[in-house]
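The chain contents come next:
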Amino acid sequence: MAITLEELRQQFHEQLRQANAAEAFEDLRVRYLGKKGEITGLLRNMGALAPEKRKEYGAKVNALKEEAEMSIKKRIEEAHARELELKIAATERYDLTLPSTLSEGSYHPITLVQREVEQIFASMGFTIEDYDEIVDDYHCFEALNIPKHHPARDMQDTYYLSNGQLLKTHTSAAQNAIMRKYGAPLRAIFPGRCFRNESTDACHENTFFQMEGIMIDENISISNLIYFMKTMLSEVFQRDVKVRLRPGFFPFVEPGFELDISCAICGGKGCPSCKNSGWLELCPCGMIHPNVLKAGGIDTEKYTGFAFGLGLTRLAMMKYGIKDIRDLNSGNLRSLNQFVK
Ligand code: DAH
């Protein structure tokens, strides 16, 4: 008995389901759709049909032809995709149960020093604040008693942006916002990245880190400043650090100082590292200028305060004996991953 169209359809799909290689798909195409193919053959039988049925039958056979063609095409595409997947899987093999052969990462020396100093100040009741790297002229200069055309602005080679803002040249730029945020009494440190348009050498970088600190309360004096700096630095260097103050000028403090620490290498006797003075310059500081307190909304009748601008980059170099500041921003893992904690 001649096979019906529907039976042929089912037979084709069954064989296609079982086919699993490129040649098998091609065989099926020839077997069903070739010149002597089984579906094509159905058209040849049309002559036996009554003329009014031929049109409908022809359309059905053509629809089956199209269906068979599409089905074979789809299977070929699927087979290609699977082949590709297998190829990728063969080149990238992951065995999540294998122990790692990669060495552990390490913290950047500046991060290490920063965290250490943060911890020490936090234990003395200071809050740790974050502040923007892009600031405006008011916060970086004006609010710090550095009016326009003040010669102190020459000390800072500022990167100005086209919109009039600038990259902060010192962490002092956050003082005003933090005073306004908390009011007095206040103890805060705020580490940050600073930028100055300097030509670089072993001691200078255009990008470096500072940590600013301010303490504002009733009766704050220079002895508070000395006490906090000495305690913090003795912790960082793990020895009893001696400090001394020399006068220094900064428009936002009055009086202003340069704080030196006793040289650890020679114990204060004098050596090439400290240029035979026995002291190393570490941190500018001073008593906050009343204009700066006022700009920050602090009552200057009641409160006084100290501020310091610790060079975190410099501190990291001293602590780890790093000779060239450029190593710190180099991304050179051979030099940076020595500092695994
Ligand atoms: N902002 C100053 C600078 O980077 C450093 C500084 C000096 C900060 C004295 C202070 C300070 O808080 O009291 O040049």
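Cut-offs used in this document
- Residues numbered from 1 in each chain as written.
- Predicted model: local features only at pLDDT ≥ 70, side-chain atom pairs only at ≥ 80, totals over all residues.
- Heavy atoms only, no water.
- Near = heavy atom within 4 Å.
- Polar contact = N/O pair within 3.5 Å; in protein donor to acceptor, adjacent residues only side chain to side chain.
- Areas by Shrake-Rupley, 256 points an atom, 1.4 Å probe, with all protein chains shown as cover.
- Helix = DSSP H or I, 4+ residues; strand = E, 2+ residues; numbered from the N terminus.
- Domains from an automatic or database assignment.
- Axes fitted to C-alpha atoms, helices over the stretch in contact; angles between N-to-C directions.
- Parallel < 35°, antiparallel > 145°, perpendicular 65-115°, else oblique.
- Left-handed = near helix turned anticlockwise from the far one by under 90°.
- Contact = heavy atoms within 4.5 Å.
- Nonpolar A, V, L, I, M, F, W, Y, C, P; charged D, E, K, R; others polar.
- Pairing = 2+ DSSP bridges.

Novice: Explanation requested: the site of the ligand in the structure shown.
Specialist: Around the ligand, the surrounding shell holds 16 residues, and the nearest of these are His170, Ser172, Arg196, Gln210 and Glu212. Glu212 places a side-chain nitrogen or oxygen 2.7 Å from an oxygen atom of the ligand. Phe308 is positioned with one of its backbone polar atoms (N or O) 3.4 Å from an oxygen atom of the ligand. Here the ligand loses 94% of its free accessible area of 350 Å² to cover by the protein chains. Going through the elements one at a time, strand 5 (207-217), strand 8 (279-288) and strand 9 (304-311) are the ones with two or more residues in the shell around the ligand.

Novice: What is the right way to look at the domain arrangement of the protein in this model?
Specialist: A common way to state how big an interface is: give the accessible area lost once the parts meet. Once the domains are mapped, the protein shows domain 1 (2-90) and domain 2 (109-336). On a C-alpha basis, the centres of domain 1 and domain 2 stand 80 Å from each other.

Novice: I would appreciate a short explanation of the packing of helix 1 (residues 5-18) against helix 2 (residues 22-33) in the present structure.
Specialist: Interaxial distance between helix 1 and helix 2 falls to 10 Å at its minimum, and their mutual angle equals 165 degrees. Judged on the interaxial angle alone, helix 2 and helix 1 are roughly antiparallel. For the pair helix 1 and helix 2, the sense of crossing is right-handed. Contact residues: Leu8, Gln11, Phe12, Gln15 and Leu16 in helix 1; Phe25, Leu28, Arg31 and Tyr32 in helix 2. The class makeup of the residues in the contact of helix 1 with helix 2 is six nonpolar, two polar and one charged.

Novice: Help me understand the sheet that holds strand 5 in this model?
Specialist: Spatially, the seven strands line up as an open sheet ordered 1-4-5-9-8-7-6, and their pairing is mixed. A strand with exactly one partner marks an edge of an open sheet, and here the two such strands are strand 1 (127-128) and strand 6 (243-247). Two elements, strand 1 and strand 4 (residues 186-195), share two bridges in a ladder whose sense is parallel. Within strand 4, the position partnered with Thr127 by the bridge is Ala188. Lying on the sheet, helix 7 (residues 175-182) is in contact with strand 4, strand 5, strand 8 and strand 9; it crosses strand 4 at an angle near 150 degrees. Most of the contacts of helix 10 (residues 312-320) go to strand 9, to which it runs at about 55 degrees, and overall it touches strand 4, strand 5, strand 7 (253-262), strand 8 and strand 9.

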